[in-house]
Amino acid sequence: MSEDFVVSMDLLDRLLEHDSWTTRQFLDLAKRLTRDQLDSNCGIGHGTVRKTFEHIIWNVECWTDLMNGDAVRLRPAGHQSIDDLIVRFDAASSKFVQFAREVSAGDRLAEQFVDTLDDPPRQKSLGTAIVHVVTHGMHHRAQLLIMYRRLGYSNLPEGDALSWELALNDERS
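These numbers come from a predicted model, not from an experiment.

(A) View of the pattern of salt bridges. Enumeration according to the criterion identifies 13 salt bridges in this entry. The salt bridge partner of Arg24 is Asp90, with a shortest N-O separation of 2.9 Å. In this pair, Arg24 sits in helix 2 (residues 11-30) while Asp90 sits in helix 5 (residues 82-105), placing the two residues 66 residues apart along the sequence. Take Arg24: its relative accessible area is 23%, and that puts it in the partly exposed class. By relative accessible area, Asp90 is classed as partly exposed at 34%. Here Glu111 and Arg108 are joined by a salt bridge, their closest N and O atoms 2.9 Å apart.

Below, the structure is given as structure tokens:
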């Protein structure tokens, strides 16, 4: 990304790009883990690194489907490889970011959609659901940091927005 792009990014762009980049960094870290480590119950959140990533990615896929008015896809079988999870995440994140930008550009953040997974189904705003997806990912990344530490890893990224921006500047240099 160019410096001009970073400077001209609006708040939503920064939120979306940081969220996507940071989750991808945490997925890349998971490549270092053994199968046993990926599936070790760390006693937090969804229990294991793999299950937590499966949950994060499903959340992005599911909410994007709901907001688009599409039928919610079936939840994929568990125990996918990290490489397979990365492929899913990259596709889901790209679709979510594109959708969120289109909603914002069309001044549709207050527009309602029907969350068909609620019983009974309820209307929710697109803008709040977009924020939910991002903050939900942040919540689970914090759990992943704890899991990585419990698995013996150190020198982990904080995953904060300032580190993301510094990384973008480093990529430019």
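(B) Layout of the nonpolar core. Counting residues in each nonpolar core, the largest one holds 22 residues, and the members touching the most others are Ala30, Leu33, Val49, Phe53, Leu144 and Tyr148. Among the elements of the structure, helix 2, helix 4 (49-68), helix 5 and helix 6 (126-150) are those that each provide at least two residues to this core. In contact with Leu144, other than residues within four places in its own chain, are Phe26, Val49, Thr52, Phe53 and Ile56. Grouped together as the second largest cluster of nonpolar side chains are 20 residues, Cys62, Trp63, Val103 and Phe113 included.

(C) Here's a closer look at unusual backbone geometry. Residue Asp119 is joined to Pro120 through a cis peptide bond whose omega torsion reads 5 degrees. Mapped onto the fold, Pro120 is located in the loop between strand 1 (112-115) and strand 2 (122-125). The phi dihedral of His79 is positive, around 65 degrees, even though this residue is not glycine. If you trace the backbone, His79 turns up in the loop between helix 4 and helix 5. A positive phi angle is found at Asp107, which is not glycine, with a value near 50 degrees. With respect to the helices, strands and loops of the structure, Asp107 is situated in the loop between helix 5 and strand 1. Asp107 gets classed as exposed once you look at its relative accessible area, which sits at 70%.

Rules used throughout
Here, residues in each chain are numbered from 1, in the same order as that chain's written sequence. Thresholds applied to this predicted model are a pLDDT of at least 70 for local features of residues and 80 or more for the giving and counting of side-chain atom pairs; totals over whole chains, interfaces and linings are not thresholded and use all residues. Computation of side-chain values covers all heavy atoms of the structure but excludes hydrogens and water. Salt bridge, as used here: a side-chain nitrogen of Lys or Arg that lies within 4 Å of a carboxyl oxygen of Asp or Glu. Strands are runs of DSSP state E lasting at least two residues, helices are runs of H or I lasting at least four, and both sets are numbered from the N terminus onward. Exposure categories follow from relative accessible area, calculated using a 1.4 Å probe and restricted to protein chains: below 20% of the type maximum is buried, above 50% is exposed, and the middle band is partly exposed. We call a set of buried Ala, Val, Leu, Ile, Met, Phe, Trp, Tyr and Cys residues a nonpolar core when their side-chain atoms join them within 4.5 Å. In what follows, a contact means two residues having at least one pair of non-hydrogen atoms within 4.5 Å.

In short, shape yes, function no, at least from these values alone.
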